[in-house]
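So the chains spell out like this:
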Amino acid sequence: MITTSPPESWRDAGWAAAPPLPEHLLAPVRAAATRALAERPWPELLCGVHNPFGRHVCVADAWSFLDIGESAAVLNAVEAVLGPDLVLWDSEILSGAAALDRDEAAWWPVEPLAGALVLLTLADGAMRLVDITRLASAAPAAPLASGPILALRYMPATSRYVRDPRAPQNQCGAERRVLVNLATRPLWLVRGRDHAGNDFATGFALPAAQWAGASSLDTPSLDTPSNP
């Protein structure tokens, strides 16, 4: 249960607080995030960390991040503000609250735009939910402790995830996160059922090696892999 009367606070302030995440879920993710940030990777390699099929610095720990994204502790809070049908489509490790892009709604490939950005402070498990349509104004009113944050991105399953790379949202995302291909990001229907004909098949496969299918006379491709 959210502690701030979620429908009212969500409607009036654009954000809500929820009980802290249990330590048994938080501990392995905290350790993984600490290791990942110590490597100082490209920010794009800290995206999609819940995805066992992705290209990011936490592939070995992806299931721990996914455990949080699918946990009742988080989903009960998200359901209170978005309704019973929920899709998890992204996650990200942030070095701190200052790393949050308050204009990220511009690259959410979700139509109609709706969703909750869940911010988990890894130091203490404190949880905030922010209405993506009001992130720019709501974020300052949702204070978080210093230190790394796990951001989880949920959309209601009444909206459609846009996979067309030519869509304005995906073009904006490609400009801001040049190593991330949101058009091929896998989706998790974490609660309820889909109402918008979303594609839940794309992204659930390991990409073939760059040299796969090349003839003996071909030079192996060194192209940068997509979809971290």
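An account of the accompanying structure is given in this report. (Residues numbered from 1 in each chain as written. Predicted model: local features only at pLDDT ≥ 70, side-chain atom pairs only at ≥ 80, totals over all residues. Heavy atoms only, no water.)

## Quick notes on the packing of aromatic side chains
Line of reasoning, step 1. As enumerated under the stated definition, the model contains two aromatic pairs in all.
Line of reasoning, step 2. On the numbers, 5.0 Å between centres and 85° between planes, the contact of Trp-89 with Trp-108 is edge-to-face. Of this pair, Trp-89 sits in strand S2 (residues 86-94) while Trp-108 sits in the loop between S2 and strand S3 (110-111), and the two are 19 residues apart along the sequence.
Line of reasoning, step 3. Residue classification places Trp-89 among the buried positions, given a relative accessible area of 0%.
Line of reasoning, step 4. Feature note: the residues Trp-89, Trp-108 and Tyr-161 constitute an aromatic cluster, connected by ring pairs. (Phe/Tyr/Trp six-rings, centres within 6.5 Å; stacked < 30°, edge-to-face > 60°. Helix = DSSP H or I, 4+ residues; strand = E, 2+ residues; numbered from the N terminus. Buried < 20%, exposed > 50% of the residue type's maximum accessible area, 1.4 Å probe, protein only.)

## Looking at unusual backbone geometry
Line of reasoning, step 1. For the bond running from Glu-111 to Pro-112, omega is -10°, close enough to zero to count as cis.
Line of reasoning, step 2. Examined against the element boundaries, Pro-112 turns out to sit in the loop between S3 and strand S4 (116-121).

## Examining the pairing of strand S1 (residues 15-18)
Line of reasoning, step 1. Here S1 shows no split at all, with Trp-15 and Ala-17 on one side and Ala-16 and Ala-18 on the other all buried.
Line of reasoning, step 2. The pairing of S1 with strand S5 (residues 127-131) spans four bridges and is antiparallel. Within the sheet, the bridge partner assigned to Ala-17 lies in S5 and is Arg-128. (Pairing = 2+ DSSP bridges.)

## Considering the sheet that holds S1
Line of reasoning, step 1. Taken in spatial order, the six strands make up an open sheet running S1-S5-S4-S6-S2-S8, and their pairing is antiparallel. Two strands close off the open sheet at either side, each with one partner strand: S1 and strand S8 (188-191). When the angles between neighbouring strand axes are averaged without regard to direction, this sheet yields 30°.
Line of reasoning, step 2. Its contacts with the sheet put helix H3 (residues 62-69) on S2, S4, strand S6 (149-156) and S8, and the angle it makes with S6 is roughly 55°.
Line of reasoning, step 3. Lying on the sheet, helix H4 (residues 72-82) is in contact with S1, S2, S4, S5, S6 and S8; it crosses S6 at an angle near 45°. (Axes fitted to C-alpha atoms, helices over the stretch in contact; angles between N-to-C directions. Contact = heavy atoms within 4.5 Å.)

## Digging into the environment of Pro-165
Line of reasoning, step 1. Relative to the assigned elements, Pro-165 resides in the loop between strand S7 (160-161) and helix H6 (168-176).
Line of reasoning, step 2. Taking relative accessible area as the criterion, Pro-165 reaches 53% and is therefore assigned exposed.
Line of reasoning, step 3. Pro-165 sits 56 residues away from Pro-109 along the chain, and the two C-alpha atoms are 9.6 Å apart.
Line of reasoning, step 4. For Pro-165, the contacting residues outside a window of four places in its chain are Asn-170, Gln-171 and Ala-183.

## Considerations on the pattern of salt bridges
Line of reasoning, step 1. Considering all chains together, one arrives at 15 salt bridges under this definition.
Line of reasoning, step 2. Between Asp-90 and Arg-177 there is a salt bridge whose closest N-O contact spans 3.6 Å. Of the two residues, Asp-90 is situated in strand S2 and Arg-177 in the loop between H6 and S8; the sequence distance between them amounts to 87 residues. Neither Asp-90 nor Arg-177 differs from the other in exposure class; each is buried.
Line of reasoning, step 3. The closest approach of N and O atoms between Glu-111 and Arg-160, which form a salt bridge, is 3.2 Å. One end of the pair, Glu-111, is in strand S3; the other, Arg-160, is in strand S7, and 49 residues separate them in sequence.
Line of reasoning, step 4. For Arg-160, a relative accessible area of 36% corresponds to the partly exposed category.
Line of reasoning, step 5. Connected through shared salt-bridge partners, Asp-90, Glu-92, Glu-104, Arg-153, Arg-177 and Arg-185 make up one network. (Salt bridge = Lys/Arg side-chain N within 4 Å of Asp/Glu carboxyl O.)

## A closer look at the environment of His-50
Line of reasoning, step 1. Looking at the secondary structure, you find His-50 in the loop between helix H2 (23-38) and H3.
Line of reasoning, step 2. On a C-alpha basis, the gap between His-50 and Asp-90 in space is 7.6 Å, while along the polypeptide they are 40 residues apart.
Line of reasoning, step 3. Within the local environment of His-50, its side chain forms a polar contact with the side chain of Ser-91, the two groups lying 2.7 Å apart. (Polar contact = N/O pair within 3.5 Å; in protein donor to acceptor, adjacent residues only side chain to side chain.)

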